[in-house]
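Structure assessment
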Amino acid sequence: MDNLELLSEYTLFLKEEKQKGKKVVAFISHDNIPEELLDAAGFIPLRLMFAGNDELMDASHDYLSPSTCAFAQSCIGLFSTKPNHFRFLDLVDYFIVSNHCVSDICASEIISKYFNIPRLNFYLSYTKNENSLKYFKFELLDFKDQLEKIIGIEIKNEALMDSIKKYNNFKKKLLEFNNLNIRGSEKLRILQKAILYGPIFLPELESYTLKFSENQIQNSKDLKDVIITGCSVFLNDYLIELIEEAGGNVISFDTWIGNNYYYQIFEETVINLTKNPFDLLVRRFENNLYGDHSVPNFLENKVSQIEKICQNYLEKTGKKLRIINHIIKFCDHISLMSAYLKEQLQEKGFPVLNLERDYSRANRGQLSTRIEAFLEMV
Amino acid sequence: MSLMADEIVRFSSLLRIAFNLLTGRDYLKRKKFREKKKLISVALPFSDIVYGFPDLVPVFPIRTHVFKMHKYLQYLGSGANIFGWKNVSNFLGFLKNLGIGDINKIIDEIIDNVIDAVNEKYNEMYDIGIENGIPSDFCYGIKSLYGMHVSKGKNYDAILNYTIRCSAWNKYHESLKTINNTSKQIWIDIPPRNVGDALELLVNNLYDGISELEKISGNTYDSNILRNHFKVANEIRRSYKSILYEISTSDFYPCNPATFSEILVILNNSFQDYNSNAIRYRDNMTALVHEIKERIRNKIGMDVSNMPRILITPMFGGWEPKTHEIIYELGGRALYADWDVLLLLEDIPIEKISDPVEAYAHYLMNATTNGIGCDNNTLTDSYFRIAEKLNVDGLIFIQLFGCHSVSNCYPMLKEKIRRELEIPSMALTFNKIGENVEQVKTRLGAFMEMFR
Ligand code: SF4
Ligand code: SF4
C-alpha cells in the first residue's frame, strides 16, 4: 500500500468515526501530548505527521516567515491548500497549541486562527525538575478541564487509566515490531501507519509482526546499518528511499515517530501500583530523558543514549552503526545542537552525518549525494 | 548659561551612561580582581535578582569586551576622572582646552559612536558564534551572544538563564555548556502559562535560583537588600517610561530626533544589566530625565511636531542601527520601546507584596502571560498596545532572519494595525548589521513617502 492509499483509507476511517459522533483533535506530532486523555474523553487524536513539499511550504508564507522550520510550514500548507488526499483535515474539530518548540506554537496557533478550528492549549516547562513536574500536572488538569467543557461530562480516572493501559500495550507491541530485523522502509511504513491510527491498529500490527518475524533479514552483511536521530521522517518523505538507494538500512528511528514514542512505556507493576492516572502521565514526562524539548541536559542525554544504542548494536551484530542526524531546516532544537552532537559522538568514534534539508524537490539530488558519500566513506 | 554649556549639560548623564556602557571591561576587572566580586552573565533585562547579593555583579556579556571609543568620550572620561562627572564647568573647561568648537556636533557624534562601537563588537561576536558551531540559521542575537561567551565566558562565575517561550533561546543557553571551561549555569524556569499554582512554582524556582546564587556568593540571601534593589529598579523603570511616554510623544525634542533615537538605543542596551551598578544607573537616569525636561522647558532643542513618529520593533534580537538615521533624513522620528512591549518596564510590585521574591514572580508572570505571551496573539496585542500608547504614525517591524518566535508575529500585527489603527506598517528583514543598508534605505524611502 502506498501512502496515497493510506491517506484515502485514513479519510474513510475518520469519516466513519465522525459519523459515530466522535470528534477529532489534531496536533503537531512531537512527544508529551497526553493522547490518553483525548482517548479517555472519546476524541480521536490526529497527529500531524506528514512531510511537506514545495507547494505546502510556499502556501505557508502568507502566515509566517520562510525562516520557520519546513515541517511547521508544511503543516500550515496542508490546511491552507488541502491537497486531495488530505481532505480529512476538514474533519478536524479542535487543534492543540503546544510549545514543544516555538514553531509548534506559531504553526498551531495559525492553523487554529486562520482555519477556524477551536483551540486547546497544552504547554510544558522547558526544564525538568520537581517544579516542572508539578507544572506538568497543572497543565494536565487544565487540559482535562478544557476537554470536559467540550464533552460536558467528567473524565473519570478509571477511563483515563484504561486509556493509559491501552496505549501502553500498543506501544509495547510497536517496540516488539521495531525490534524485527527487516528493511527500514518497510518498518517505517508500518510504524507510521500504526502511530497515525493509534491503538485501533493493534490487531493489524500484531499480524504484521507475525508475518515479518518469519521474514527477517538473514544476511545483512552488505547493508550499511543506520540509526536516524534528530527530526522524524514523516509520512510521504523520500528520505528513507535515498538511504536505501545508497546501500543503507535504517535499523532504528530515534525520533518522535520512533523510539521517542514507543520507548515511553510503563512496567505493569508501575501501572498497578499507581492510583492516580495523572501521576503516571507526569512520570512519563519525567522519564522522557531523550526528548529534545527539555533543557539543559538534552545534548548529554542524547549523546549517551546514541552511544549506548551503537555499542549494544556492535556487541549484538558485530556491525557499526552510522548515525544520520536528520535536521529539518530551521528546527530550533535539532539544528542548534547539531554541530555539538556530531562533535561529541565523533570524538567517541561514531560516524555522524548532519543532514539538513527542507522539503523542496531541488534538495533531493544533493541529499542523495551526501548520503551516498557518507555511507561510502564510513 | 551659554549655549555651549547648555549643550553639555543636557546630556552629561547620558554621556555617563554611555561611558559606563563602553568602559565596562575596566570597571568589571576592577570589581573582579581588586574587589573580589563575582560576575554573573545575564541577558535580556533579567538581572534583578543578582542585585540581591552585593558581592555579585550582573553583566550583559558584551560589556566585558574592549570597544573602540570615540576620542572625545575618552577625553570626557579622563576629564571626569580628574574633575568628577558632576562638575560640568570643569568639563567645559576641559573641552575648551581641547579647542573644540561645535559641541552640538560632537555630542551627536559621540552618541552615534557609542552605538557604532557596540554594534561593531556585536558583528565580531556574531562571526565567532558561527565559527564555533551555531548554525547560521539562528537569529543575530543568539549567534552573537554565543560568540560573547566563547570569547570572554571564562570571566563569569555563573550564567543566569531564564527560560522563555523562544525554544531557540532556551537551547542557546544549553549550548553554552559546550564551551570549554564554561561557567556554572543557574536556571530559572518561568512557567509558560499561569495555570494552577504556576505562580507559586515560579516563586519556588526563583528561590532555588537564589540559593544557587548564595553558593556562588558565599553570603546568605537577605530580603531587605533585594527589596531595596527593587525600589531602585522601579525608579529606573519610571525614568525610562517617562522618557518614552512624556518625551518621545511630545512635539518638542531636546535634540535632533536621530540623537533621541540613539538615546533610546543606549537605554535599551544598558537596561539589561543597569551597567552593572543599579544605583549609579538610577541616578544617571533620574538626571537624564531632569536634563531633558529642563532643556525642553527652556525651549532648547527641536520642534518635531511635523515629523511622523515611527515605532521600530523588535530590535533587541538585532536590527540595522542606521534605520533611525535614515528615517530622520527622510523626515521622520524613530522610537524604540521593546522592553515596554514585553511589559518589562512595569513596576516590580513590592508596594503590594511584601516578599520581594514573590513580588518579582508576579512581575515575571505578568510579562510572560501578558507581554511576551505564550503565543503570537498576545504578543501581537503587546506591539499594538505600545503603538497605540505612543500614538505612532507608522510601524516598522524587524523581521529577523532565523527568528522563529517574535518575527512570526508580523502577519497578524500588520492586519490588526491596518484594521484598528489605520496606520501603515512595513516589515524590514535583517540578518547582520551593515549587510544591506542600501536596501533598507530604499525600502524606508518608499515607506516614508506615505507621510508626505
Ligand atoms: S522546529 Fe523542529 S521540533 Fe519544532 S516543529 Fe519544526 S521540526 Fe518540530
Ligand atoms: S525570539 Fe527571536 S530574536 Fe529572540 S532569541 Fe528567539 S529567535 Fe532570537
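Fair warning: this is a prediction, and the values are worked out from it, not measured in the lab.

A look at the overall build of chain A
- Along its length, chain A carries 16 helices and eight strands.
- Its C-alpha atoms give chain A a radius of gyration of 20 Å, within 12% of the compact-globule value 21 Å for 378 residues.
- Taken along its principal axes, the extent of the C-alpha atoms in chain A is 60 × 50 × 40 Å.
- In chain A, which comprises 378 residues, the proportion classed as buried is 63%.
- Taking the contacts inside chain A whose residues are at least 6 apart along the sequence as the reference set, 73% of them involve residues at least 24 apart.
- When the accessible surface of chain A is totalled, it reaches about 14400 Å², and 48% of it is carbon and sulfur.

Quick word on the overall build of chain B
- Summing up its helical and strand segments, chain B has 17 helices and ten strands in all.
- Scaling as 2.2 N^0.38, a compact globule of 452 residues should have a C-alpha radius of gyration of about 22 Å, and chain B matches this with 21 Å.
- If one aligns the C-alpha atoms of chain B with their principal axes, the spans along those axes are about 55 × 55 × 50 Å.
- Here chain B holds 452 residues, and the buried ones make up 65% of them.
- For chain B, restricting intrachain contacts to residue pairs at least 6 apart in sequence, the fraction spanning at least 24 positions comes to 77%.

What about the interface of chain A and chain B?
- If you look at the interface, chain A gives 50 residues, while chain B gives 49 residues.
- Summing the contributions of chain A and of chain B, the shared interface buries around 3900 Å²; its carbon and sulfur component is 58%.
- Area buried by chain A at its contact with chain B is led by Asn-131, Leu-336 and Tyr-340 of chain A, which between them contribute 17% of it.
- There are five salt bridges connecting chain A and chain B.
- For Asp-142 of chain A, the salt bridge is made with Arg-193 of chain B, and the minimal N-O distance between the two is 2.8 Å.
- Summed over the shared surface of chain A and chain B, the result is 29 residue pairs in polar contact (both at pLDDT 80 or more).
- Elements that contribute at least two residues to the side of chain A that touches chain B include exactly helix 5 (102–114), strand 4 (119–122), helix 6 (130–151), helix 14 (298–317) and helix 15 (332–347) of chain A.
- The leading source of residues in the side of chain A that touches chain B is helix 15 of chain A, at eight residues.
- By residue class, the composition of the side of chain A that touches chain B is 22 nonpolar, 16 polar and twelve charged.

Description of the sheet that holds strand 7 (residues 322–328) of chain A
All names here are of chain A.
- Pairing is parallel across the open sheet formed by four strands, whose spatial order is 6-5-7-8. On the outer flanks of this sheet lie strand 6 (248–254) and strand 8 (352–357), each paired with one strand and no other. Between one strand axis and the next, the sheet turns by 30 degrees as a mean value, whatever way the strands run.

Remarks on the site of ligand 2
All names here are of chain B.
- The immediate surroundings of ligand 2 are formed by Cys-139, Ile-142, Cys-166, Trp-169, Phe-316, Leu-400, Cys-403, Ser-405 and Val-406.
- Residue composition of the shell around ligand 2, grouped by class: eight nonpolar, one polar and no charged.
- Split by domain, the shell around ligand 2 shows at least three residues from each of two domains, domain 1 (5–299) and domain 2 (306–341 + 375–452).

Some thoughts on the sheet that holds strand 9 (residues 394–400) of chain B
All names here are of chain B.
- Reading across from one edge, 8-7-9-10 is the order of the four strands in this open sheet, with parallel pairing throughout. Of all the strands in the sheet, the pair left with one neighbour each is strand 8 (333–335) and strand 10 (425–430). Averaged over all pairs of adjacent strands, the angle between their axes in this sheet comes to 30 degrees, without regard to strand direction.
- Taken together, the four bridges between strand 7 (residues 309–313) and strand 9 define a ladder with parallel strand orientation. Its bridge partner being in strand 9, Thr-313 is matched across the sheet by Phe-397.
- Packed onto the sheet, helix 15 (residues 376–389) meets strand 7 and strand 9 and runs at close to 155 degrees relative to strand 7.

Focus: the pairing of strand 1 (residues 38–41) of chain B
- Pairing geometry for strand 1 of chain B and strand 2 (residues 56–59) of chain B, over four bridges, is parallel. Opposite Ile-40 of chain B, over in strand 2 of chain B, you have Pro-58 of chain B as the bridge partner.

So, the confidence of the model for chain B
- Of all residues in chain B, 91% attain a pLDDT of 70 or more, and the chain-wide mean is 91.
- Per the prediction output, this complex has pTM 0.95; the corresponding ipTM is 0.96.

Some points on the pairing of strand 4 of chain A
Residues and elements named next belong to chain A.
- In terms of strand pairing, strand 3 (residues 94–98) meets strand 4 through four bridges, oriented parallel. When the bridges of strand 4 are listed, Phe-95 appears paired with Arg-119.
- Tracing the backbone out of strand 3, into helix 5 and back to the parallel element strand 4 gives a crossover that is right-handed.

Brief notes about helix 6 of chain A
Residue and element names in this part refer to chain A.
- Here helix 6 contains 22 residues, and its C-alpha end-to-end distance of 32 Å stays within 8% of the 32 Å for a straight helix at 1.5 Å per residue.
- Its side-chain oxygen placed 3.1 Å from the backbone nitrogen of Asn-131, Asn-129 serves as the N-cap of helix 6.
- Gly-152 sits one or two residues past helix 6 and shows a positive phi near 80 degrees.

What to know about unusual backbone geometry
- Geometrically, the link from Val-295 of chain A to Pro-296 of chain A is a cis peptide bond, its omega value of 5 degrees lying close to zero.
- Residue placement: Pro-296 of chain A occurs in the loop between helix 13 (277–287) and helix 14.
- Each neighbour pair has its own omega, and for Thr-313 of chain B with Pro-314 of chain B the value is -10 degrees, a cis peptide bond.
- Positive phi is not limited to glycine here, since Lys-36 of chain B has a value of about 60 degrees.
- Within the secondary structure, Lys-36 of chain B sits in the loop between helix 2 (24–34) and strand 1.

What about the packing of aromatic side chains?
- For the structure on display, the rule yields 43 aromatic pairs over all chains.
- Ring centres of Tyr-207 of chain B and Tyr-221 of chain B lie 6.2 Å apart, and the angle between their planes is 80 degrees; this geometry places the pair in the edge-to-face category. Here the residue Tyr-207 of chain B occupies a position in helix 8 (residues 198–217), and Tyr-221 of chain B occupies one in the loop between helix 8 and helix 9 (223–247), the gap between them amounting to 14 residues.
- When the ring of Tyr-360 of chain B is compared with that of Tyr-363 of chain B, the centres are 5.4 Å apart and the planes differ by 20 degrees; the resulting orientation is stacked. With Tyr-360 of chain B and Tyr-363 of chain B both in helix 14 (residues 356–372) and three residues apart, the pair spans about one turn of that helix.
- Using a relative accessible area of 1% as the deciding quantity, one classes Tyr-360 of chain B as buried.
- Among the aromatic residues, those joined into a cluster by ring pairs are Tyr-10, Phe-13, Phe-50, Phe-86, Phe-88, Phe-177, Tyr-197, Phe-201, Tyr-208 and Phe-212 of chain A.
- When the ring centre of Tyr-245 of chain B is taken as origin, the NZ or CZ atom of Lys-389 of chain B, which lies over that ring, is 4.4 Å away.
- Lying over the aromatic face of Phe-384 of chain B, Lys-416 of chain B brings its terminal NZ or CZ to 4.9 Å of the ring centre.

About the criteria used
- Residues numbered from 1 in each chain as written.
- Chains lettered and ligands numbered in written order.
- Predicted model: local features only at pLDDT ≥ 70, side-chain atom pairs only at ≥ 80, totals over all residues.
- Heavy atoms only, no water.
- Helix = DSSP H or I, 4+ residues; strand = E, 2+ residues; numbered from the N terminus.
- Rg over C-alpha atoms; globule rule 2.2 N^0.38 Å.
- Buried < 20%, exposed > 50% of the residue type's maximum accessible area, 1.4 Å probe, protein only.
- Contact = heavy atoms within 4.5 Å.
- Areas by Shrake-Rupley, 256 points an atom, 1.4 Å probe, with all protein chains shown as cover.
- Buried area = accessible area lost by both parts, 1.4 Å probe.
- Salt bridge = Lys/Arg side-chain N within 4 Å of Asp/Glu carboxyl O.
- Polar contact = N/O pair within 3.5 Å; in protein donor to acceptor, adjacent residues only side chain to side chain.
- Nonpolar A, V, L, I, M, F, W, Y, C, P; charged D, E, K, R; others polar.
- Pairing = 2+ DSSP bridges.
- Axes fitted to C-alpha atoms, helices over the stretch in contact; angles between N-to-C directions.
- Near = heavy atom within 4 Å.
- Domains from an automatic or database assignment.
- pLDDT = per-residue confidence, 0-100.
- Right-handed = clockwise from strand over helix to strand, strands pointing away.
- Expected span 1.5 Å × (residues − 1).
- Phe/Tyr/Trp six-rings, centres within 6.5 Å; stacked < 30°, edge-to-face > 60°.
- Lys NZ or Arg CZ within 6 Å of the ring centre and 35° of its normal.

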